[in-house]
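# Observations on the three-dimensional arrangement
These are the residues of each chain, in order.
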Amino acid sequence: MDKQYQYIETEVKDSIGIIRLNRPKVLNAINRQMVTEIVTAYEYFDKSDKVKVLMITGNGRAFAAGADIDEMTNDDAISLEILNQFVEWDRILTIKKPIIGAVHGYVLGGGFELALTCDLLFAADNTKFGFPEVNLGVMPGAGGTQILTRIIGKTRALEWLFTGEMMDVQEAKQSGIVNRIVPEQLLLEETEKFAKVIASKPPLSIRLIKDAAKKALDYSLYEGMQYERKNFYLLFASEDQKEGMKAFQEKRPPNFTGK
């Protein structure tokens, strides 16, 4: 990727667009410029023919220990409204390709919200999650109360949101936040290995599966099933559907092209 960033690093590896948060001295505290860079990289990879899966991780001892408090200390309600503080976060929700997070160490506040925007989450065995915003007199603002509640339910989410306490990785796994727990030294290797599995699948199928699954969070069951059905029909207009079924009949590996 040609673009140079200040707070992240990017690379393309085996059809995986990798983003690394790169403020290790402050445990990858997330400032506004970092969010802009993350979203810009996501959108670049989302449009790239060379990338099939997106992956985000963090350099240093933590994925992200929260938002950059120094940046927000002097903000007020009007300045935040004018700034439209979270407009960049909304763009993450429009990414079509799957996003896999590989997190370790502290995943707190804005870092937890960023992790929750991933479609799948791999976590090192030393990972701790939490929303400590209540201890600062504020609350999550980039989707934390909404996404966490959808995943683990209102009463369990409120326990963590009200207290600001941290959740260990085992509880995060049991709650459905984390897909897999792996030793820290194997985190990137195992996440990349799984990303390659997804990258080997037909891109249009992956895209429309993600699209339909997201609708399940907002639609009634009947509405969601109707939406799913339209995506199912749409895939029968693709070359990959023809190739996939023909390869199955001929007992050979398919050659998917994303068309």
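Residues numbered from 1 in each chain as written. Predicted model: local features only at pLDDT ≥ 70, side-chain atom pairs only at ≥ 80, totals over all residues. Heavy atoms only, no water.

### What to know about the pattern of salt bridges
A full pass over the atoms with the stated rule returns 12 salt bridges. One salt bridge connects D14 with K196, and the closest N-O pair in it is separated by 3.3 Å. Residue D14 is found in the loop between β1 (8-13) and β2 (16-21), and its partner K196 is found in helix α9 (residues 187-199); the two are separated by 182 residues along the sequence. The class for D14 is partly exposed, based on a relative accessible area of 47%. Note that K193 is salt-bridged to E190, the shortest N-O span being 3.4 Å. Note that K193 and E190 are positioned in helix α9 at a spacing of 3 residues, about one turn of the helix. On the basis of relative accessible area, E190 is assigned to the partly exposed category, the value being 24%. Each of the salt bridges in this network shares a partner with another, and the network as a whole consists of E43, E88 and R91. (Salt bridge = Lys/Arg side-chain N within 4 Å of Asp/Glu carboxyl O. Helix = DSSP H or I, 4+ residues; strand = E, 2+ residues; numbered from the N terminus. Buried < 20%, exposed > 50% of the residue type's maximum accessible area, 1.4 Å probe, protein only.)

### Topic: the layout of surface pockets
In this approach a probe as big as a water molecule rolls over the atoms, and the regions it shows empty are the leftover space. Roughly 1200 Å³ of internal volume is contained in the largest pocket. Considering the residues around the largest pocket, the lining is formed by 38 residues, among which T117, C118, D119, K214 and L217 are closest to the centre. Within the residue set of the lining of the largest pocket, elements represented by two or more residues are α4 (87-92), α5 (110-116), β6 (120-124), α6 (144-152) and α10 (203-215). With 8 residues, α10 is the largest single contributor of residues to the lining of the largest pocket. (1 Å grid on protein atoms, 1.4 Å probe; cavity = no way out; pocket = protein on both sides within 12 Å on 5 of 7 lines; lining within 4 Å. Points joined across faces, edges and corners; volume = space filled by probe spheres on them.)

### Here we look at the packing of α6 against helix α7 (residues 154-163)
Running from amino to carboxyl end, α6 crosses α7 at an angle of 135°, the nearest separation of the two axes being 7 Å. Between α6 and α7, the crossing angle belongs to the class labelled oblique. Read as a crossing pair, α6 and α7 show a hand that is right-handed. Within the contact between the two elements, α6 uses T145, L148, T149 and I152 and α7 uses K154, R156, A157, W160 and L161. Taken together, the residues of the contact of α6 with α7 sort by class into 5 nonpolar, 2 polar and 2 charged. (Axes fitted to C-alpha atoms, helices over the stretch in contact; angles between N-to-C directions. Parallel < 35°, antiparallel > 145°, perpendicular 65-115°, else oblique. Left-handed = near helix turned anticlockwise from the far one by under 90°. Contact = heavy atoms within 4.5 Å. Nonpolar A, V, L, I, M, F, W, Y, C, P; charged D, E, K, R; others polar.)

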